[in-house]
Amino acid sequence: MKILLLEPSFYMPDGSLYHNRYHTVVALTLPHLAAYIDNIHSWEHELQIVYDRITSAIPEPGYDLVLISSFHCNGARANELADAYRALETPVVMGGYYPSLSPELALKHCDSVAIGAGEDLIPQILDDAKAKTLKRRYESTNRCPVKDLPMGRWDLIDSASVLPTTYWGVWATRGCTRGCDFCSMTSVYGRFHHKRPVNEVIEELKYRAGRWNHRRFFFVDDNIALDKAYAITLFRSLKDVPSKSILVNIDSEGAGDDEILDSAKEGGVDALYIGFETLHNIEENKGWGSLRQYADVLRKLRTRGIRSIASFMFGFDTDDVGVFRSTLAFVERHRVDVIFPFILTPIPGSALWERLTHKGRLPTIDKLMDDGEIMRGEACSFIPKNMTSKQLNRNYRALLRRFYGPWSIFWRCILHFDIRHPRKALETLVINLHFALLLVGNHTHIM
Ligand code: B12
Ligand code: SF4
């Protein structure tokens, strides 16, 4: 069969489709699924990967099957592309967070939905597609394999869409056992924590560095430091991987642990993407953390020359407009290198979604799906408790503009240029200027 694996782009507030010539991060999803397809049917299919935001997907005939991977933020475009392929009589299967959490909506546009992890669904989907007997729903047991994974089909990524600064996705662990009520990941998969054997992860990265010259890796794990001993072993072993940069998704507790940080430094990890969520209701969500502990995390990263990329969410019931001022003061005082703030976004199927719907504080899902900005966490979708949605949106944008404004960048990146870690300091300046330029162009922080 000729199979297209497709990731839709998303719509911008002005109605245009988001377009980017290069990947900031090449996500794992499509190369990983393509590898499973090859593994099952011994390379008998002709596979193609298309990222709509890089090479606009223009639906054309000739495919036997289209596999769309979609989040909620690109769900509207996913629906549109699915409709277009079905009009060409090409069967379409949709998988990923959007169809997994909102299958009824997705099924209005595609032939089948794949709910949950794709690894155990792909064999059945392929057999049924071949026999032209696709079912409406495929539901995963979510027992993701962790051993002997096939090598991703990275050769299917167009090299013209990649820069020397592009990060390549990798995972060592999957899942998380904490239960944050806004989390889409646990809403789809439930609570678990699967770990790959460390030696397999290291062998994979070494192979990729040699075969495809991958040098910048992004560990997309949901909660890599949940098992501290595992994280330490993994990080230490990374020193055997030829790399220029390693970025790791981590929670604030893991990022505050000296042993974890030392092993990360030893392995060449130079940037941590930390989910701080909020400075107002930290106890309510995770039972760990205080402003002092958070400040400590940032100090530890600075001493080691590891870049801090801090993610926050605004709009919790405990937030009022004061949260923006205090967060800004905090990130500036503690010289956070890069921030990724989001507006709290209730995702269908999450406990937060149920709670707000029950209280009549949310519009319906199809209204939300039309607004990619909302689903990207850049605009408010619900009725906040202690401010209006306009105040939430306005202050969110003001915070971004202030942090990535000339004075803040000058103060953080030039006046406090870290002479002990010049490469990190220079790269941080470039990233800050990049976000500043995006904001001038009225984008928020789309990657
Ligand atoms: C890496 C990552 C990114 C990267 C790359 C994303 C990309 N696609 O280009 C970057 C940093 C650029 C990014 C950006 C964004 N991201 Co992001 N990202 C992730 C992250 C951490 C890992 C994704 C990954 O590689 N997973 C590993 C692969 C193997 O798993 P998977 O993608 O879930 O796929 C499995 C199944 O879903 C299924 N499957 C998926 N598709 C299909 C298709 C078929 C046909 C089948 C059968 C199965 C199937 O099988 C796969 C294997 O098990 C996830 C969190 C997470 N843990 O998943 C968030 C996540 C996907 N991102 C999210 C969001 C919101 C965003 C942004 C909108 C944030 C923003 N405001 O800027 C943007 C949108 C970018 C875009 N391209 O549209 C949300 C999505 C929430 C939702 N329900 O819609 C997540 C879940 C994080 C969260 N907040 O909960 N992201
Ligand atoms: S810590 Fe992160 S991955 Fe774990 S439940 Fe909370 S938001 Fe989800």
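If you're wondering where the values come from, they're calculated on a predicted model, not measured in any experiment.

Peer 1: Explain the overall build of the protein to me, using residue names and the numbers behind them.
Peer 2: For the protein, the count of helices and strands is 19 helices and 15 strands. Projected onto its principal axes, the C-alpha coordinates of the protein cover approximately 65 × 55 × 40 Å. Within the protein, the proportion of its 447 residues that are buried is 45%. Contacts in the protein between residues at least 24 apart in sequence constitute 76% of all its contacts with a sequence separation of at least 6.

Peer 1: Which residues make up the pairing of strand 3 (residues 46–51), and what are the values?
Peer 2: Side-chain alternation along strand 3 places Leu47, Ile49 and Tyr51 on a buried face and Glu46, Gln48 and Val50 on a face that remains uncovered. Taken together, the six bridges between strand 1 (residues 2–7) and strand 3 define a ladder with parallel strand orientation. By the bridge assignment, Glu7 is partnered in strand 3 with Tyr51.

Peer 1: Can you explain helix 8 (residues 228–237)? Please cite residues and give values.
Peer 2: When helix 8 is considered as a whole, its buried residues turn out to be Ala231, Ile232, Leu234 and Phe235. Each buried residue of helix 8 sits inside an arc of 165° when the element is viewed along its axis, so together they form one side. Looking at the packing, one finds that the buried side of helix 8 touches helix 7 (198–212), helix 9 (252–255), helix 10 (258–267) and strand 13 (269–277).

Peer 1: Can you break down the site of ligand 1 residue by residue, with the values?
Peer 2: Contacts to ligand 1 come from 41 residues, most closely from Ser69, Phe71, Gly95, Ala114 and Gly118. If you list the elements that add at least two residues to the shell around ligand 1, you get helix 1 (29–40), strand 4 (65–69), strand 5 (92–95), helix 3 (97–101), helix 5 (122–130) and helix 6 (184–189). Considering each element in turn, the shell around ligand 1 owes the most residues, three residues, to helix 1. Partitioning the shell around ligand 1 into residue classes produces 24 nonpolar, 13 polar and four charged. Taken domain by domain, the shell around ligand 1 gets at least three of its residues from each of domain 1 (2–139) and domain 2 (154–440).

Peer 1: Tell me about the nonpolar core, and name the residues and values.
Peer 2: Counting 108 residues, the largest nonpolar core has Leu5, Ile68 and Met94 as its most contacted members. The greatest single-element share of this core, amounting to six residues, is contributed by helix 1. In this structure, this core is formed jointly by two domains, domain 1 (2–139) and domain 2 (154–440), each of which donates at least three residues. Leaving out residues up to four positions away in the same chain, Met94 has contacts with Ile68, Ser70, Ala78, Ala82, Pro99, Ala106, Cys110, Val113 and Ala114.

Peer 1: Give a description of the sheet that holds strand 8 (residues 167–170) that names residues and reports values.
Peer 2: Pairing is parallel across the open sheet formed by seven strands, whose spatial order is 2-8-11-12-13-14-15. The open sheet has two edge strands with one neighbour each: strand 2 (25–26) and strand 15 (338–343).

Peer 1: Explain the domain arrangement of the protein to me, using residue names and the numbers behind them.
Peer 2: Annotation of the protein at the domain level lists domain 1 (2–139) and domain 2 (154–440). Centre-to-centre, using C-alpha coordinates, domain 1 lies 26 Å away from domain 2. At the level of elements, strand 2, helix 1, strand 3, helix 2 (75–87) and helix 3 are the ones that each hand at least two residues to the side of domain 1 that touches domain 2. Here the residues of the side of domain 1 that touches domain 2 sort into 18 nonpolar, nine polar and one charged.

Peer 1: If you had to explain unusual backbone geometry to someone new, which residues and values would you point to?
Peer 2: Of note, Lys132 is a non-glycine position whose phi angle comes to about 55°, a positive value. By the secondary structure assignment, Lys132 is in the loop between helix 5 and strand 7 (137–139). Unusually for a residue other than glycine, Glu277 sits at a positive phi of about 60°. Glu277 sits in the buried class, given 23 other C-beta atoms within 10 Å.

Peer 1: Quick one: what's the story with the site of ligand 2, residue by residue and with numbers?
Peer 2: Taken together, Cys176, Arg178, Gly179, Cys180, Cys183, Met185, Thr186, Asp222, Asn223, Asp251 and Gly275 form the complete shell of residues around ligand 2. Along the lines of polarity and charge, the residues of the shell around ligand 2 split into four nonpolar, four polar and three charged.

Peer 1: Run through the sheet that holds strand 4, naming residues and quoting values.
Peer 2: Strand pairing in a sheet relies on backbone hydrogen bonds. The paired strands run either parallel or antiparallel. In spatial order, the strands read 3-1-4-5-6-7; together these six strands make up an open sheet with parallel pairing. Only two strands of the sheet have a single neighbouring strand rather than two, namely strand 3 and strand 7. Averaged over neighbouring strand pairs, the angle between their axes works out to 20° when direction is ignored. For strand 1 and strand 4, the ladder comprises four bridges, and the chain directions are parallel.

Peer 1: Got a sec to walk through the pairing of strand 15? Specific residues and values, please.
Peer 2: If a strand is regular, its side chains alternate between the two faces of the sheet. Sheet analysis places strand 14 (residues 307–314) next to strand 15, joined by six bridges and oriented parallel. For Ala310, the partnering residue across the bridge sits in strand 15 and is Ile339. Viewed along the sheet, the connection from strand 14 through helix 13 (residues 322–333) into strand 15 turns out right-handed.

Peer 1: Outline the environment of His421, supporting the account with residue identities and numerical values.
Peer 2: Relative to the assigned elements, His421 resides in the loop between helix 18 (406–415) and helix 19 (422–440). His421 sits 34 residues away from Met387 along the chain, and the two C-alpha atoms are 41 Å apart.

Peer 1: Break down the environment of Thr90 for me, citing the residues and quoting the values.
Peer 2: As for its position among the elements, Thr90 is in the loop between helix 2 and strand 5. Since 20 C-beta atoms lie within 10 Å of it, Thr90 is described here as buried. C-alpha of Thr90 to C-alpha of Val430: the two residues are 340 residues apart in sequence and 44 Å apart in space. Setting aside anything within four residues of it in sequence, one finds Thr90 in contact with Pro61, Tyr63, Val66 and Tyr85.

Rules used in this analysis
Residues numbered from 1 in each chain as written. Chains lettered and ligands numbered in written order. Predicted model: local features only at pLDDT ≥ 70, side-chain atom pairs only at ≥ 80, totals over all residues. Helix = DSSP H or I, 4+ residues; strand = E, 2+ residues; numbered from the N terminus. Buried ≥ 20, exposed ≤ 12 C-beta atoms within 10 Å, placed from the backbone. Contact = placed C-beta atoms within 7 Å. Pairing = 2+ DSSP bridges. Arc of directions from axis to C-beta. Near = placed C-beta within 6 Å. Nonpolar A, V, L, I, M, F, W, Y, C, P; charged D, E, K, R; others polar. Domains from an automatic or database assignment. Core = buried A, V, L, I, M, F, W, Y, C linked by C-beta atoms within 7 Å. Axes fitted to C-alpha atoms, helices over the stretch in contact; angles between N-to-C directions. Right-handed = clockwise from strand over helix to strand, strands pointing away.

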